[in-house]
Structure formats: C-alpha cells, structure tokens
Amino acid sequence: KLMIALLATMTAAGAAQAHGVEKAPGAYVGFGISSVNKLIRDGDTAKTKWFGGYDFDQNYGIEIGTITRGHESVAYTSNGQAIDQTTSGRASYVAGKYTHPIGEKLSAYGKLGMSYTVLKYTNNLNLNHRDSNTGVYAGLGMQYQVTPKVALTAEYEHFGKKEYGRKTDAWTLGVKYGF
C-alpha cells in the first residue's frame, strides 16, 4: 500500500510541475530500504540496499548494487536433538539501465543484468553450508528528481531463481545522489 501511494504521489507531483529539474549525466550513489522475503520464516522484512551507477546520458546507464537479505536465527528439535540454526545472506547485481522521462521531474526506468545471491547456514552441530546462485536480474522503477543532484526512487527488483522456496524479489524505496 505504501509503494502504491508513493508512486501515485510521485506521478501527480511530476505532472503538476511547471519548471523541471533535469537529471544530469554522471556517477551516482544511493541508499534504500527494501522489503525482502525472510530467509527462514514466512513473511517479509525490511533490509538495506546500497547502489551506485553511471548515467551516460538522459536514457542509458549502468548500475551495481547489493541488498542484505538478513540474519535470522531459529531453534528447533530434530530427532530429539536441539538445533540452533543461523542463516544470513545478500543479493548483488550489475545491470544496464534505461530511463524514460514521463514528466519534468518524473521518469520510469528498467534494469536488466546479472544477479549473484549468497546464503550461509550454520548451526550448533558444526554444520556450515554456503549456497550461491547466479541468475538474471531485472528491475522496474520510478524516479522523482528533487534537485539536479538528488532523486527519490521506488522500484521492484527480481534476483533470479527462488532459494529454498523463498522468493528473491524486493520492493525498494531509496534516495540517490549524483555527482
């Protein structure tokens, strides 16, 4: 609901602008809060995303980023043995980016590239397991240019195949700063 409200507000604000602020080509860095699927239990959780990229012009660019998938612990019993398991992970990507202006300050973008996800499992029975996956990365988003250097972003991202039945998708709200 929050994502829909933000996208509607950004669209309305972009359409109402009389004077525009153009996005300048160049490098940028950003930070976001992502809603990702929990690693062990059902449901979503908020995690951090860091990203950076370079816009070659108003339309084409490249971006890299990483989302922490979290750190979760669970205790359970299996065959009479008490087990304490810890799981952690992250998802990273590199992608080409195409941006299409919608209004003076508002634009939509799509990203396509490669993702790399890592999950680590440890428990009190000395089981240490690391699983990694390389797959197709895709993202769709909206960007509202607040100033020539600062923009707000809202996006959906897909990081390849499911891991142990868990979705590798994320919804992210972020802010980016251009140099």
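Residues numbered from 1 in each chain as written. Predicted model: local features only at pLDDT ≥ 70, side-chain atom pairs only at ≥ 80, totals over all residues. Heavy atoms only, no water.

Caption draft 1: Geometry of the overall build of the chain. A tally of helices and strands in the chain yields one helix and eight strands. Overall, the chain shows an N-to-C arrangement of helices and strands of α-β-β-β-β-β-β-β-β. Counting all 179 residues of the chain, 40% fall into the buried class. Looking at the chain as shown, the accessible area adds up to about 9,500 Å², and 62% of this sits on carbon and sulfur atoms. (Helix = DSSP H or I, 4+ residues; strand = E, 2+ residues; numbered from the N terminus. Buried < 20%, exposed > 50% of the residue type's maximum accessible area, 1.4 Å probe, protein only. Areas by Shrake-Rupley, 256 points an atom, 1.4 Å probe, with all protein chains shown as cover.)

Caption draft 2: Looking closely at the environment of Ala108. Within the secondary structure, Ala108 is located in strand β5 (residues 106-123). By relative accessible area, which is 23% here, Ala108 ends up partly exposed. Separated by 45 residues in the primary sequence, Ala108 and Thr153 have C-alpha atoms spaced 9.5 Å apart. The contacts of Ala108, once residues within four sequence positions are left out, are Tyr98, Thr99, His100, Ile102, Gly141 and Met142. (Contact = heavy atoms within 4.5 Å.)

Caption draft 3: Inspection of the pairing of β5 at higher detail. Alignment of strand β4 (residues 81-101) against β5, held across 17 bridges, turns out to be antiparallel. Along β5, the bridge assignment pairs Gly96 with Leu112. Linking two consecutive strands that pair antiparallel, namely β4 and β5, is a turn of four residues. When β5 meets strand β6 (residues 128-145), the two strands line up antiparallel, connected through 17 bridges. Each bridged residue has a counterpart across the sheet, and for Tyr116 the counterpart in β6 is Thr134. With antiparallel pairing between neighbouring strands as the criterion, β5 and β6 make up a hairpin whose turn holds four residues, including Asn126 at a positive phi of roughly 65 degrees. (Pairing = 2+ DSSP bridges.)

Caption draft 4: Local environment of the confidence of the model for the chain. Per-residue pLDDT for the chain has a mean of 79; in total, 74% of the residues score no lower than 70. Across the chain, element-level confidence peaks in strand β7 (residues 150-159) with a mean pLDDT of 93 and bottoms out in helix α1 (residues 2-16) with 49. pLDDT under 50 marks residues 13-21. Its contacts with residues more than four places away, or in other chains, come to 16 contacts. (pLDDT = per-residue confidence, 0-100.)

Caption draft 5: Broad picture of the nonpolar core. Membership of the largest hydrophobic core is limited to nine residues, which are Tyr28, Phe51, Ile67, Ala91, Tyr93, Ala95, Tyr137, Phe159 and Ala170. Top element by residues in this core is β4. It accounts for three residues. Those residues in contact with Tyr28 that lie beyond four places of it in its chain are Phe51, Gly52, Gly53, Tyr54, Asp55, Ile62, Glu63, Lys97, Lys176, Tyr177, Gly178 and Phe179. (Core = buried A, V, L, I, M, F, W, Y, C linked by side-chain atoms within 4.5 Å.)

Caption draft 6: Seen up close, the pattern of salt bridges. On inspection of all chains with the given rule, the structure shows seven salt bridges. Linking Glu157 and Lys49 is a salt bridge whose minimum nitrogen-to-oxygen distance equals 2.8 Å. With Glu157 in strand β7 and Lys49 in strand β2 (residues 44-55), this residue pair connects regions lying 108 residues apart in the sequence. The class of Glu157 is buried, set by a relative accessible area of 0%. With a relative accessible area of 0%, Lys49 lands in the buried category. The closest approach of N and O atoms between Lys97 and Glu63, which form a salt bridge, is 3.6 Å. In this pair, Lys97 sits in strand β4 while Glu63 sits in strand β3 (residues 60-78), placing the two residues 34 residues apart along the sequence. (Salt bridge = Lys/Arg side-chain N within 4 Å of Asp/Glu carboxyl O.)

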